[in-house]
Amino acid sequence: MSEAAVEEVSVLSSIYCGEGEFQLIRHSVQDGLVVQISKTVGGEGGLDVRLSFHLHPNYPSCPPEISVASTHLSKTQCHSVRQKLTDQAAALAPEPMVHQLVERVQQEYVDVLDINSGKEEEKQVDKEKEWTVVLLLDHIRSRKHYIKLLERWTRQLQLFGMLLLGRSILVMLHGDKPKIKEFCHLLKTVKIDVDSSGKKCKEKMMKVLIETSSFSSCVGLQGFVVKNYESLEELSAAFQDINMKELFQQISLVVE
């Protein structure tokens, strides 16, 4: 981890020193730093926004991974803000940039956040459609092909997902409930892997460990991510990084 990143995190903790504003979620030599900054955008009475920045070990030579969440915004709106911040980060010089990106949310993205849109009913409907599931896969032998299909389906169905590879093979999905059901249907009907004899096979042994609508504001589960883990502690950390520790606690007995 670069000295510039460590110094920047120290400065950020001083700038965002209000109660609950700054949180260092993870500090790892191998994976880098994950910080979360919570702000109210639009002045007093505005919207709460939680920004998560994953600073990789070679940051700031490469821009941070950014996640956006808010209890007042729909999944689409959060994704829109995240994309704008990601584009802005890619355009900046390779130097500490987190504070600048947070300020960009304050200054330029008020319109995206729809503070005065009057669409509360529409937002509520969108929120109720959002669903989170954790699937347990039996095996992955044709790894490259398998992951490619999972990523394609996630993108086509406009879902957010994470594949966790370790002692247990888990797939976490977040998005519209009907589209998640379609994803599960594809798993069981498309020849996605090979069996022990090398013949193409379907994922007939897939199990749904948990499905819930109570995690619609999770942080970090955006796009499709593949992570390897070697211990239960590393698996727990992966869930904690995206603010889903409670979800991990519900499935921990199954994956031990």
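Parameters and conventions
Residues numbered from 1 in each chain as written. Predicted model: local features only at pLDDT ≥ 70, side-chain atom pairs only at ≥ 80, totals over all residues. Heavy atoms only, no water. Helix = DSSP H or I, 4+ residues; strand = E, 2+ residues; numbered from the N terminus. Contact = heavy atoms within 4.5 Å. Core = buried A, V, L, I, M, F, W, Y, C linked by side-chain atoms within 4.5 Å. Buried < 20%, exposed > 50% of the residue type's maximum accessible area, 1.4 Å probe, protein only. Pairing = 2+ DSSP bridges. Phe/Tyr/Trp six-rings, centres within 6.5 Å; stacked < 30°, edge-to-face > 60°. Lys NZ or Arg CZ within 6 Å of the ring centre and 35° of its normal. pLDDT = per-residue confidence, 0-100. Axes fitted to C-alpha atoms, helices over the stretch in contact; angles between N-to-C directions. Salt bridge = Lys/Arg side-chain N within 4 Å of Asp/Glu carboxyl O.

A. Molecular detail of the environment of His-27. Looking at the element boundaries, His-27 is found in strand β1 (residues 22-28). Along the primary structure His-27 and Leu-55 are separated by 28 residues, whereas in three dimensions their C-alpha atoms are 9.6 Å apart. Not counting chain neighbours up to four residues away, the residues in contact with His-27 comprise Gly-32 and Leu-33.

B. Main features of the nonpolar core. Ile-37, Leu-51, Phe-53, Val-68, Leu-85, Val-98 and Leu-101 are the most contacted members of the largest nonpolar core, which has 28 residues in total. Only α1 (3-15), β2 (32-41), β3 (47-55), β4 (65-69), α2 (75-91) and α3 (98-108) provide two or more residues apiece to this core. For this core, the leading source of residues is β3, giving five residues. Setting aside chain neighbours within four positions, we find Leu-51 in contact with Val-35, Gln-36, Ile-37, Ser-67, Val-68, Leu-85, Val-102 and Val-105. Grouped together as the second largest cluster of nonpolar side chains are 24 residues, Val-133, Ile-169, Ile-180 and Phe-183 included.

C. Up close: the pairing of β1. As judged from the six bridges shared by β1 and β2, these two strands associate in the antiparallel manner. Looking at the pairing, Gln-23 lines up with Gln-36 of β2. From the end of β1 to the start of β2, which pair antiparallel, there are three residues.

D. Representation of the environment of Pro-178 within the structure. By secondary structure assignment, the location of Pro-178 is in helix α7 (residues 177-189). Overall, the relative accessible area of 57% leaves Pro-178 in the exposed class.

E. Structural view of the packing of aromatic side chains. Evaluated as defined, the whole model comprises two aromatic pairs. With centroids separated by 5.8 Å and ring planes inclined at 90 degrees, the aromatic side chains of Trp-153 and Phe-183 adopt a geometry described as edge-to-face. Note that Trp-153 is positioned in helix α6 (residues 143-156) and Phe-183 in helix α7, a separation of 30 residues in sequence. With a relative accessible area of 5%, Trp-153 lands in the buried category. Overall, Phe-183 belongs to the buried group, its relative accessible area being 0%. Each ring, one from Phe-239 and one from Phe-248, has its centre 5.4 Å from the other, and the planes form 50 degrees; the classification is tilted. Each member of the pair Phe-239 and Phe-248 is classed as buried. The ring centre of Phe-160 lies 5.9 Å from the NZ or CZ of Lys-75, which sits over that ring. Over the ring of Trp-131 we find Lys-177; its NZ or CZ atom is 4.2 Å from the centre of that ring.

F. Examining the confidence of the model for the protein more closely. For the protein, per-residue confidence averages 82 on the pLDDT scale, and 84% of positions sit at 70 or higher. A low-confidence stretch, residues 114-127 (pLDDT under 50), is modelled with 16 contacts involving residues beyond four sequence positions or located in other chains.

G. Fine view of the sheet that holds strand β7 (residues 169-176). The five strands are arranged β10-β5-β7-β6-β11 in an open sheet whose pairing can be described as mixed. Strand pairing shows two members of the sheet lacking a second neighbour, β10 (207-212) and β11 (224-228), which therefore form its edges. When the angles between neighbouring strand axes are averaged without regard to direction, this sheet yields 15 degrees. The pairing of strand β5 (residues 130-137) with β10 spans five bridges and is antiparallel. Bridged to Val-134 within β10 is Ile-210. Running at roughly 145 degrees to β7, α7 makes contact with β5 and β7 of the sheet. Across the face of the sheet, helix α8 (residues 232-241) comes into contact with β6 (160-165), β7 and β11 while running at roughly 170 degrees to β6.

H. Here's a closer look at the pattern of salt bridges. Applying the stated criterion across every chain, the model contains six salt bridges. Here Lys-39 makes a salt bridge to Glu-21, at a shortest N to O gap of 3.4 Å. On the criterion of sequence distance, the pair formed by Lys-39 in strand β2 and Glu-21 in the loop between α1 and β1 is long-range, its members being 18 residues apart. Between Asp-176 and Lys-75 there is a salt bridge, and its shortest N-O distance comes to 3.8 Å. With a gap of 101 residues between them, Asp-176 in strand β7 and Lys-75 in helix α2 connect regions that are remote in the sequence. Lys-75 shares its class with Asp-176; the two are buried.

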